[in-house]
Amino acid sequence: MRWSQTLVPTLKEVPADAEVPSHRLMLRAGLVRQVMAGAYTYLPLGWRAVRKAAEIVREEMEAAGAAELHFPAMSPIELWERSGRREAFGNVLLNFAFPRGDRKVHVALGPTHEEPITDLIKQSIASYKQLPLTLFQIQTKFRNEERPRFGVLRTSEFLMKDAYSFGTDIEQLNASYDAMYAAYCRIFERCGIPYLAVEAESGPIGGDASHEFMIPAENGEDSVVHCEASGYAANLERAETGRTAPQIVVPDDVPPMDAVATPGVSTIEAVCAALGVQPEQTLKTLLYTADAGTDEERTVAVVVRGDHDANEGKIRRAIGAATLSMADEATVRRVTGAPVGFAGPVGLEGVTLLADHDAVTVQPSVVGANSADAHRTNVCCGRDWTVETTHDLRDARAGDPDPKGGGPMKVVRGIEVGHVFKLGTKYSDALGAEYLGEDQKRRSVVMGCYGIGINRIVAGAIETSHDDRGIIWPKAIAPYQCHIIPLDIKDEEVMSLAQRFHDELEAAGVDCLLDDRKERPGVKFADADLIGLPTRITIGKRGLTEGVVEVKRRTDADPEKIAPDAAVARVRELLA
RNA sequence: CGGGAUGUAGCUCAGCCUGGUAGAGCGCUACGUUCGGGACGUAGAGGCCGCAAGUUCGAAUCUUGUCAUCCCGACCA
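Computed from a predicted model, the values in this text were never measured in an experiment. (Residues numbered from 1 in each chain as written. Chains lettered and ligands numbered in written order. Predicted model: local features only at pLDDT ≥ 70, side-chain atom pairs only at ≥ 80, totals over all residues. Heavy atoms only, no water.)

A. Broad picture of helix α9 (residues 329–336). Buried within α9 we find Thr331, Val332, Val335 and Thr336. Along the axis of α9, the buried positions cluster into a sector of 105°, meaning they face one direction only. Exposed residues on α9 whose side chains face more than 90 degrees from its buried face are Ala330 and Arg334. Buried residues along α9 sit in contact with β14 (283–290) and β15 (298–305). Backbone geometry just after α9 places glycine 337 at a positive phi near 70°. (Buried < 20%, exposed > 50% of the residue type's maximum accessible area, 1.4 Å probe, protein only. Helix = DSSP H or I, 4+ residues; strand = E, 2+ residues; numbered from the N terminus. Arc of directions from axis to C-beta. Contact = heavy atoms within 4.5 Å.)

Structure below.
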C-alpha cells in the first residue's frame with residue numbers, strides 16, 4: 001500500500017483530551033478518531049490492526065472446535081425481559097422502540113448475546129446427540145457506558161468475540177471451558193501481548209467458575225492480586241488471602257474502655273483527625289442486609305480494620321447468603337440507635353456479628369459507640385466484645401500472604417481483554433433451551449460463555465509496547481509488517497527499488513506501507529517511529545551510490561546497511 | 001449519577017479579569033532556497049469565539065441557561 005493512497009493523518013501534537021498512552025498514540029499515529037464520547041472511527045491503519053487481531057481469534061476459535069456464526073445487533077426486547085436482564089442491565093442496555101406499520105417494534109442492541117443464542121439453541125437442538133457444541137461470533141456490541149474513558153479501552157460500542165458452549169452436563173461444560181481457556185492462552189501469545197489469567201467472580205451473569213484474562217498495565221481499570229512464586233492470580237473481588245484466624249489476646253495493660261464525644265465525626269478519616277489516631281488503630285463496623293425480601297432476611301454487622309475495605313462477596317459466602325447489600329439508614333438507626341457513622345461492635349444486638357481476621361488484633365481499638373456523636377476508645381476484643389471466630393472478609397492487599405503459600409502477594413493493575421466462565425443453566429432455564437437425554441429425560445442445556453474484547457487487544461498492545469517516539473507493534477497485529485521509505489521520490493532508481501521491495505515482500509506475504517509522500521527525511525522517519533511498524537527499509541540516493549540500503553527493526557537503535565538484493569530476505573528473516 | 005475542569009482556525013493554545021470589529025505556533029496552499037531524523041524565506045487560504053437568551057450604543061470578553069468533552073469517584077454481563 002502506498003501512503004498516498006490511504007489515510008494516515010499523523011499528529012505532531014498531542015490532542016488535549018487524550019490522557020493514557022494508548023489513546024494518545026492511537027490518535028497521533030492516525031489509527032482512530034473520536035466521533036463522540038465512547039465511539040471511535042477506526043481509520044485504515046487502526047482497522048487493519050483490529051482485523052489482524054480478529055483473524056487470530058477466529059483461527060484459534062476454529063482450531064478449538066468452535067464454529068462461527070453472526071447475529072444481528074438488534075433483538076426484540078422481550079428476549080431480554082424473559083431472561084431478566086433488561087432489569088439487570090438497566091441503563092446499560094441500549095433499547096428503543098420505532099414504528100413499523102401501525103405498531104411499535106421495541107428492540108435492544110446486544111450488549112452480549114446469551115439471549116439470542118440460547119433462543120437459537122432452543123429452536124435447533126433437541127437431542128443429546130447434537131451436543132456438545134461451541135459457537136462464536138465477532139460482533140459489535142453496545143453498552144451505554146455511564147462514563148466512557150481511556151480512549152478506545154472503554155467505549156459504548158466495541159468489537160467483541162463471544163463464544164458459547166452447550167453441553168449435556170458439567171463434564172461437557174468443563175471440557176469446553178478448558179478448550180476455550182487453552183485457546184485464549186494461544187490467542188494472546190500469538191498477538192504478542194503479555195497476559196495473566198486470573199480467577200474472577202462470575203458476577204450477575206451467574207455461574208460458578210470464571211477466569212479473566214488481563215494485560216498488566218499501569219492504566220488498567222482492574223486490580224489483580226498476584227503471586228509470582230505460586231502463580232496465584234485473582235482479581236480484587238475474588239482474591240483470597242492466606243491469613244488464618246488469630247488467637248484473640250487481651251493485653252493486660254489496657255485501661256477500661258472510655259466514651260468520647262465526637263460530634264459530626266462519622267468517617268474513619270475524621271475520627272483519626274479528631275482523636276489523633278491512625279486508621280489501623282480503629283475498627284469500622286459495616287451493616288448489611290442479607291437475602292433482602294426473603295424469609296431469610298437478616299442484618300449483618302461486619303467489623304474490619306479502619307484502613308481495610310470490606311469485600312461483599314466474601315461476606316456473602318461467609319454467611320451463605322444469596323444476596324447482600326448495605327443496610328439502609330433506617331435499619332442502621334434501628335440496630336445501632338445512631339445515625340450512619342457511629343456503629344461499633346460493643347453491645348450490638350439483634351445482628352449476625354462477623355469480624356475479619358485482622359480486626360481482632362487491633363488491641364486496643366477505637367470504635368463507634370452505637371450512639372450519636374460518640375466513639376469508644378481502649379476497646380478490646382475478648383473483653384469488651386467478642387466473636388467465636390474470624391473470617392477473611394476484606395479486599396486483599398499487597399503484602400498479604402498467598403493462599404497457596406507462595407509468599408507475599410503483589411497488587412498490579414490490568415486491562416481485562418478476555419473472560420471465560422461457566423454459566424450453567426441460567427439462560428437455558430430462563431429461555432427453555434432443553435434437550436432429550438439418552439435416559440428419555442428432558443434437561444436444560446449446560447452453557448459456558450467466553451468473551452474477548454478485540455479493540456482491547458489492540459489498545460492493550462500499544463499500552464504495553466511503546467516508547468517516547470511512538471508505537472512498537474507486536475508483529476502479529478501490526479497494521480503492516482514493513483515500512484518502506486524511499487527518501488527521494490523523484491529519483492527513479494530509488495523509487496523503482498522501493499516498488500520492487502514492496503512487490504516482492506507482498507508476494508511473500510509480508511504486507512508493506514510505502515511512504516511515497518514528498519516529505520523531508522526527518523518527517524518520514526518521525527512518522528515511521530510513531531506508527532511503529534516492526535521493520536523498516538530506507539532507500540536513499542546516498543546509500544545507493546555505496547550500493548546499500550538500510551534495514552532496521554523498530555526496536556533497533558541503528559540500521560544495518562545491506563546490498564539491495566539482500567534486503568527482502570533480511571526483512572523476512574527479521575519477521576520470522 | 002456526585003465532584004472538578006475546559007469549550008476561540010485542522011491541532012496546541014493566547015486574548016476574557018478591565019466590553020470597542022479575532023491572534024500566535026504547528027499544520028495547509030503557491031513560489032523560491034533547501035534536502036539522511038519533524039528546514040528557511042515570501043505570499044496566501046482558513047474562525048456563527050460550542051449554542052441560546054439577557055445586559056449594553058457595542059459582547060469572544062459581563063449575566064443566566066443549555067449542550068459537549070475530559071479528569072476523579074459511583075457504576076461496569
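B. Region of interest: the pairing of strand β9 (residues 196–199). Residues Leu196 and Val198 line the buried face of β9, whereas the alternating positions Ala197 and Glu199 sit on a face that is not buried. Both β9 and strand β10 (residues 209–216) contribute to a ladder of four bridges, which runs antiparallel. Among the inter-strand pairings, glutamate 199 is bridged to a residue of β10, identified as histidine 211. (Pairing = 2+ DSSP bridges.)

C. Highlighting the protein's contact with RNA strand B. Taken together, the neighbourhood of RNA strand B is formed by 36 residues, with Arg143, Arg147, Arg154, Asp529 and Glu550 sitting nearest. Atoms of RNA strand B within 4 Å of the protein belong to the sugar or the phosphate in 48% of instances, the rest to bases. Glutamate 13 is positioned such that a nitrogen or oxygen atom in its side chain is 2.7 Å from a base nitrogen of RNA strand B. Between RNA strand B and arginine 536, the relevant distance is 2.8 Å, taken from a base oxygen to a side-chain nitrogen or oxygen of the residue. Top element by residues in the surface near RNA strand B is helix α13 (residues 521–531). It accounts for seven residues. Here the residues of the surface near RNA strand B sort into 16 nonpolar, four polar and 16 charged. (Near = heavy atom within 4 Å. Polar contact = N/O pair within 3.5 Å; in protein donor to acceptor, adjacent residues only side chain to side chain. Nonpolar A, V, L, I, M, F, W, Y, C, P; charged D, E, K, R; others polar.)

D. Layout of the packing of aromatic side chains. In this structure the tally under the stated criterion is 10 aromatic pairs. Consider the rings of tyrosine 184 and phenylalanine 188, whose centres lie 6.1 Å apart with planes at 90°: the pair is edge-to-face. Taken together, the positions of tyrosine 184 and phenylalanine 188, both in helix α6 (residues 170–191) and four residues apart, correspond to about one turn of that helix. Per residue, the accessibility class of tyrosine 184 equals that of phenylalanine 188, and both read buried. The positively charged end of arginine 517 is found above the aromatic ring belonging to tryptophan 3, 3.9 Å away from the centroid. (Phe/Tyr/Trp six-rings, centres within 6.5 Å; stacked < 30°, edge-to-face > 60°. Lys NZ or Arg CZ within 6 Å of the ring centre and 35° of its normal.)

E. Region of the structure containing the sheet that holds strand β13 (residues 258–261). The strand order β13-β19-β18 describes an open sheet built from three strands, whose pairing is antiparallel. On the outer flanks of this sheet lie β13 and β18 (365–368), each paired with one strand and no other. Between one strand axis and the next, the sheet turns through 30° on average, direction left out of account. In the sheet, β13 pairs with strand β19 (residues 374–379) via four bridges, with the strands oriented antiparallel. Among the inter-strand pairings, aspartate 258 is bridged to a residue of β19, identified as threonine 377. (Axes fitted to C-alpha atoms, helices over the stretch in contact; angles between N-to-C directions.)

F. Here's a closer look at the sheet that holds β14. Read from one edge to the other, the open sheet built from four strands follows the order β16-β14-β15-β17, with strand pairing classed as mixed. Because the sheet does not close on itself, it has two edges, and the strands there are β16 (324–326) and β17 (352–355). Across the sheet, the mean angle separating the axes of adjacent strands is 35° when strand polarity is ignored. Relative to β16, β14 runs antiparallel, the two sharing three bridges. What sits directly across from tyrosine 288, in β16, is methionine 326.

G. Seen up close, the domain arrangement of chain A. Domain annotation of chain A identifies domain 1 (48–75 + 108–240 + 411–458), domain 2 (258–379) and domain 3 (480–575). For domain 1 versus domain 2, the distance between C-alpha centres works out to 38 Å. In this complex, domain 1 contributes six residues to the contact, which on the side of domain 2 involves five residues. When domain 1 packs against domain 2, the two sides together hide about 330 Å² of surface, and 19% of this comes from carbon and sulfur. If you look at where domain 1 meets domain 2, you find two residue pairs in polar contact (both at pLDDT 80 or more). Residue composition of the side of domain 1 that touches domain 2, grouped by class: two nonpolar, no polar and four charged. (Domains from an automatic or database assignment. Buried area = accessible area lost by both parts, 1.4 Å probe.)

H. Structural view of the state of the cysteines. Inspection of the entire model under this criterion finds zero disulfides. Free cysteine cysteine 227: the closest other cysteine sulfur is in cysteine 185, separated by 19 Å. Assessed through its relative accessible area of 2%, cysteine 227 is described here as buried. Summary of cysteine pairing: cysteine 380 is not part of a disulfide, and the nearest cysteine sulfur, belonging to cysteine 381, is at 8.7 Å. (Disulfide = S-S within 2.5 Å.)

I. Examining the nonpolar core more closely. With 60 residues, the main nonpolar core has Met61, Ile457 and Trp473 as its most contacted residues. Of the residues forming this core, the biggest block, nine residues, is contributed by α6. Taken domain by domain, the makeup of this core includes at least three residues from each of domain 1 (48–75 + 108–240 + 411–458) and domain 3 (480–575). When neighbours within four sequence positions are excluded, isoleucine 457 is seen to be in contact with Ala53, Val57, Phe188, Cys191, Ile193, Val417, Ile452 and Ile477. (Core = buried A, V, L, I, M, F, W, Y, C linked by side-chain atoms within 4.5 Å.)

J. Highlighting the side chain of aspartate 556. Along the chain, the position of aspartate 556 falls in the loop between β29 (549–553) and β30 (560–562). A polar contact of 2.9 Å, which involves the side chain of aspartate 556, links it to the backbone nitrogen of arginine 553.

K. Quick look at the pattern of salt bridges. Enumeration over the complete set of coordinates arrives at 42 salt bridges. Bridged by salt links that share partners, the residues Arg243, Lys314, Asp356, Asp358, Asp392, Arg394 and Asp400 form one connected network. (Salt bridge = Lys/Arg side-chain N within 4 Å of Asp/Glu carboxyl O.)

L. Region of the structure containing the environment of cysteine 380. When you line up the elements, cysteine 380 lands in the loop between β19 and β20 (410–424). Spatially, the C-alpha atom of cysteine 380 lies 28 Å from that of leucine 324, the residues being 56 residues apart in sequence. Not counting the four nearest positions on each side in its chain, cysteine 380 is found in contact with Val250, Pro251, Val254, Gln363, Pro364 and Trp385.

M. Just the packing of helix α2 (residues 44–63) against helix α11 (residues 454–464), in detail. Running from amino to carboxyl end, α2 crosses α11 at an angle of 120°, the nearest separation of the two axes being 9 Å. Our classification of the angle between α2 and α11 gives oblique. In terms of crossing hand, the pair formed by α2 and α11 is right-handed. Two secondary-structure elements touch here, α2 through Ala49, Val50, Ala53, Ala54 and Val57 and α11 through Ile454, Ile457 and Val458. Taken together, the residues of the contact of α2 with α11 break down into eight nonpolar, no polar and no charged. (Parallel < 35°, antiparallel > 145°, perpendicular 65-115°, else oblique. Left-handed = near helix turned anticlockwise from the far one by under 90°.)

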